[in-house]
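Commentary on secondary and tertiary structure
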Amino acid sequence: MSPRLFLACVGFLLVTSSICSAQERSPDLTLRGTIAAINRETYVEVPFKVPAGVVRVSVAFAYTEHEHQTTIDLGLFDGERFRGWSGGNKSSFTVAETDATPSYLAGPIRPGVWKLILGVPSVGAGIRSQYEAKIFFTHPGEKAAVSTFEAEPVREGPAWYRGDLHMHDAHSDGSCMSQSGKKVPCPLYKTVEAAVARGLDFIAITDHNTVSHFDAERELAPYFDKMLFIPGREITTFDGHANVYGTTEFIDFRLTSKYVPTFSDLLDEVDRKHGILSINHPGLPTGSACMGCGWSVKNTDFSRVHVIEAVNGDNVDNNVSGIPFWQQRLNDGLRVTAIGGSDNHNATLLPEHESAIGRPTTVVYAKNLSERAVLDGVLAGHVFIDVQGSHDRSMSLTANTHSQTAMMGDALNVPSGESIHLVLTLDHVEGAHAELVRDGAVTPFANGQTARAQHVVLEQDEPSDGRRHWLRMSVRDAEGKLLLLGNPVYVNFPVSGR
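I will try to describe carefully the structure that is included in this document. (Residues numbered from 1 in each chain as written. Predicted model: local features only at pLDDT ≥ 70, side-chain atom pairs only at ≥ 80, totals over all residues. Heavy atoms only, no water.)

1. A closer look at the sheet that holds strand 27 (residues 455-463)
On the basis of which strands lie adjacent, the open sheet formed by four strands has the order 22-21-24-27 and antiparallel pairing. Edge positions in the open sheet fall to strand 22 (405-407) and strand 27, since each of these has one partner strand only. On average, each strand axis in the sheet is tilted by 20° relative to the strand beside it, whichever way the strands run. Judged from the three bridges that link them, strand 21 (residues 394-400) and strand 22 form a sheet pairing that is antiparallel. From the neighbouring strand, A399 faces strand 22, where its bridge partner is A406. (Pairing = 2+ DSSP bridges. Helix = DSSP H or I, 4+ residues; strand = E, 2+ residues; numbered from the N terminus. Axes fitted to C-alpha atoms, helices over the stretch in contact; angles between N-to-C directions.)

2. Here's the deal with a nonpolar patch on the surface
Residues Y43, F77, F82, W85 and L105 make up a contiguous nonpolar surface patch of about 510 Å² in total accessible area. Structurally, Y43 is set in strand 2 (residues 42-50). We classify Y43 as exposed; its relative accessible area is 61%. (Patch = residues over 30% accessible without salt bridge, like charges linked within 9 Å, V, L, I, M, F, W, Y side chains within 5 Å. Areas by Shrake-Rupley, 256 points an atom, 1.4 Å probe, with all protein chains shown as cover. Salt bridge = Lys/Arg side-chain N within 4 Å of Asp/Glu carboxyl O. Buried < 20%, exposed > 50% of the residue type's maximum accessible area, 1.4 Å probe, protein only.)

3. Some words on the sheet that holds strand 4 (residues 71-77)
The sheet built from four strands is open, its strands ordered 2-7-4-5 with antiparallel pairing. The strands lining the two open edges of the sheet, one partner per strand, are strand 2 and strand 5 (82-87). Neighbour-to-neighbour, the strand axes of this sheet turn through a mean angle of 20°, independent of strand direction. Where strand 4 meets strand 5, four bridges bridge the pair, whose relative direction is antiparallel. The residue of strand 5 that forms the bridge with G75 is W85.

4. Here's the deal with the state of the cysteines
As enumerated under the stated definition, the model contains two disulfides in all. Through a disulfide, C176 is tied to C186; the S-S separation comes to 2.2 Å. When the S-S torsion is 95°, as for the bridge of C176 with C186, the disulfide is right-handed. On the criterion of sequence distance, the pair formed by C176 in strand 10 (residues 175-177) and C186 in the loop between strand 11 (183-185) and helix 2 (188-197) is long-range, its members being ten residues apart. With relative accessibility at 6%, the residue C176 sits in the buried group. Owing to a relative accessible area of 2%, C186 belongs among the buried residues under this scheme. (Disulfide = S-S within 2.5 Å.)

In short, the description is geometric, and any link to function would need to be established separately.
Take a look at the structure:
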């Protein structure tokens, strides 16, 4: 490749999750040609064929002779209509049914002959510019290698990353006050601004059933480049609500209809599209009191549900808390991750308000700040919930035997008579105390010792009887209010299907 030909993979990084490396994905098509003086002030059509079964088309474009007064603008027509024009301000773009790079239109990806349109406002006399367009096709069920809206991790390195996994905006029923004081659908960017102000690292906008918000997120992600956008939506049915993360493809929400007869059918579709499903606010009432708010889906196979929203807004120790529902699944022998979500419907709520953005905060230990790493961390159970969204309260639990070490979400095999040494590290919880929750039974941890400093380490030994148990931690303030909720360490559980 000519050294003057911009690397197409650099442009491709702007619109997909591929990484230019030895493992770089090869393009499905590569279109090459020459632009010369005869093409000045004309539009050159470059046709290519989109096969059936494609859900996204991405283009990375590059050309030589920039330094010799050569400019090539870029646009796209599909087989039926105009899909966009970015001129010379973008060297790459993506289009799908749900979202597209700004300058381009989201819409169906129909098979047929599509055309790149190359506008040539200038080219130097005697100059021959070589162009190259790499075309990438995405098929149903393909998941992003890194993230859907960001090409590289937002931040490198393993850490505890903080986020909100349940929020609504104008694309469903989120509302706020307009400039003139009227209640109006609240623009998505207001949610993102509030999340930034709360110091969150990642967010999932989860509008009801729709996928229209993905297009807005693709526009916002390059500007809010210190925050990770995880695609999500709330599957809202008559018998329960569930968030799905990690795919932008449509998922049919019409549970109990001929299209989605059973919950297993819905789970099958989520699995085909490599999504992660979380049952939302299962402790809320349902039926006429709140249609579908609580979980009443018939014949739910909980062995296929790996995530439950245990804390929704400020519903923690009340009669609509999701914690008992979650802990029942643990007692049934399932390894299920507890997460939290604000379920925010008004981005302008002050931080101390119940269901303000980031209240609660889900804190995930991930290898980096990317969609894949965060969702992998959630599935692994490497999660605790900062119930009040404090920004800095934290907990870390390590369970050790003579030959094994586990953190929250991990499993140990411990024979009868052997002890498990539990080490709980806490930060910024002065005056609080920890509780050990063993199979749902609560006892003081480390003799109920109160945290006297910003950073404390508490320890305790737990004997094993060789049977199945789960052990987790809660941290409460002096008044008994829950501050932090940790996921379990699993003892002598069967091998997880995760």
